[in-house]
Amino acid sequence: MLFEDILSDLACEVVGPALTIRQAMDLARAAEIDVAVLDVNVAGDPIWPVAEILAVRGIPMVFSSGYGSNGLPERWRNSPSLPKPFTFHEVAEVIDKVLEG
């Protein structure tokens, strides 16, 4: 909920949240998305199938993890990431950076 509040304060429209990988995959396939912020672990399942769908669609992503970018598989290691816990300023900065790039 805190993350949704941060995004709302940044004038972002939240799609989701997805509580399972299946829900996240459905959203990734069909929703209108400018940038996706993905927790690397959703209900114990890795987010990588969702990231693959978004990559095919050309949707930029930010990964959120307690391990930082070093905890990401090689395929995603150079992607923007948000370390947990994150602050309002960190979220704003990474989303601005992704949208500008």
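Residues numbered from 1 in each chain as written. Predicted model: local features only at pLDDT ≥ 70, side-chain atom pairs only at ≥ 80, totals over all residues. Heavy atoms only, no water.

A. Quick peek at the sheet that holds strand β4 (residues 61-65). Judged by pairing direction, the sheet is parallel, and its 3 strands sit side by side in the order β1-β4-β5 without closing on themselves. Looking at strand neighbours, the two that pair on one side only are β1 (36-39) and β5 (81-83), the edges of this open sheet. Between one strand and the next, the sheet's axes are offset by a mean angle of 25°, whatever the strand orientation. Where β4 and β5 come together, 3 bridges link them in parallel fashion. The residue of β5 that forms the bridge with Phe 63 is Ser 81. (Pairing = 2+ DSSP bridges. Helix = DSSP H or I, 4+ residues; strand = E, 2+ residues; numbered from the N terminus. Axes fitted to C-alpha atoms, helices over the stretch in contact; angles between N-to-C directions.)

B. The arrangement of helix α2 (residues 21-30) in detail. Within the sequence span of α2, burial applies to Ile 21, Ala 24 and Ala 28. Here the buried residues of α2 occupy an arc of 60° about the axis, which is enough to place them on one side. Facing away from the buried side of α2 by more than 90 degrees, the exposed set consists of Arg 22 and Ala 30. The secondary structure elements touched by the buried residues of α2 are β2 (41-42), β3 (45-46) and α3 (48-57). (Buried < 20%, exposed > 50% of the residue type's maximum accessible area, 1.4 Å probe, protein only. Arc of directions from axis to C-beta. Contact = heavy atoms within 4.5 Å.)

C. Molecular detail of the side chain of Ser 64. Locating Ser 64 in the fold gives a position in strand β4. Leaving out residues up to four positions away in the same chain, Ser 64 has contacts with Leu 38, Asp 39, Val 40, Leu 82, Lys 84 and Phe 86.

D. Spatial organisation of a negative patch on the surface. A cluster of like negative charges, contributed by Glu 90, Glu 93, Asp 96 and Glu 100, occupies part of the molecular surface. Tracing the backbone shows Glu 90 in helix α4 (residues 88-100). (Patch = residues over 30% accessible without salt bridge, like charges linked within 9 Å, V, L, I, M, F, W, Y side chains within 5 Å. Areas by Shrake-Rupley, 256 points an atom, 1.4 Å probe, with all protein chains shown as cover. Salt bridge = Lys/Arg side-chain N within 4 Å of Asp/Glu carboxyl O. Lys, Arg positive; Asp, Glu negative; His and termini not counted. Charge placed at Lys NZ, Arg CZ, Asp CG, Glu CD.)

E. Representation of the pairing of β4 in the model. In terms of burial, β4 is a largely internal element, 5 of the 5 residues being buried. Side chains Met 61, Phe 63 and Ser 65 of β4 all project onto a buried face; the interleaved residues Val 62 and Ser 64 project onto the opposite face, where all are buried too. Direction of pairing for β1 relative to β4: parallel, over a ladder of 4 bridges. Considered in β4, the bridge of Asp 39 is made with Ser 64.

In short, shape yes, function no, at least from these values alone.
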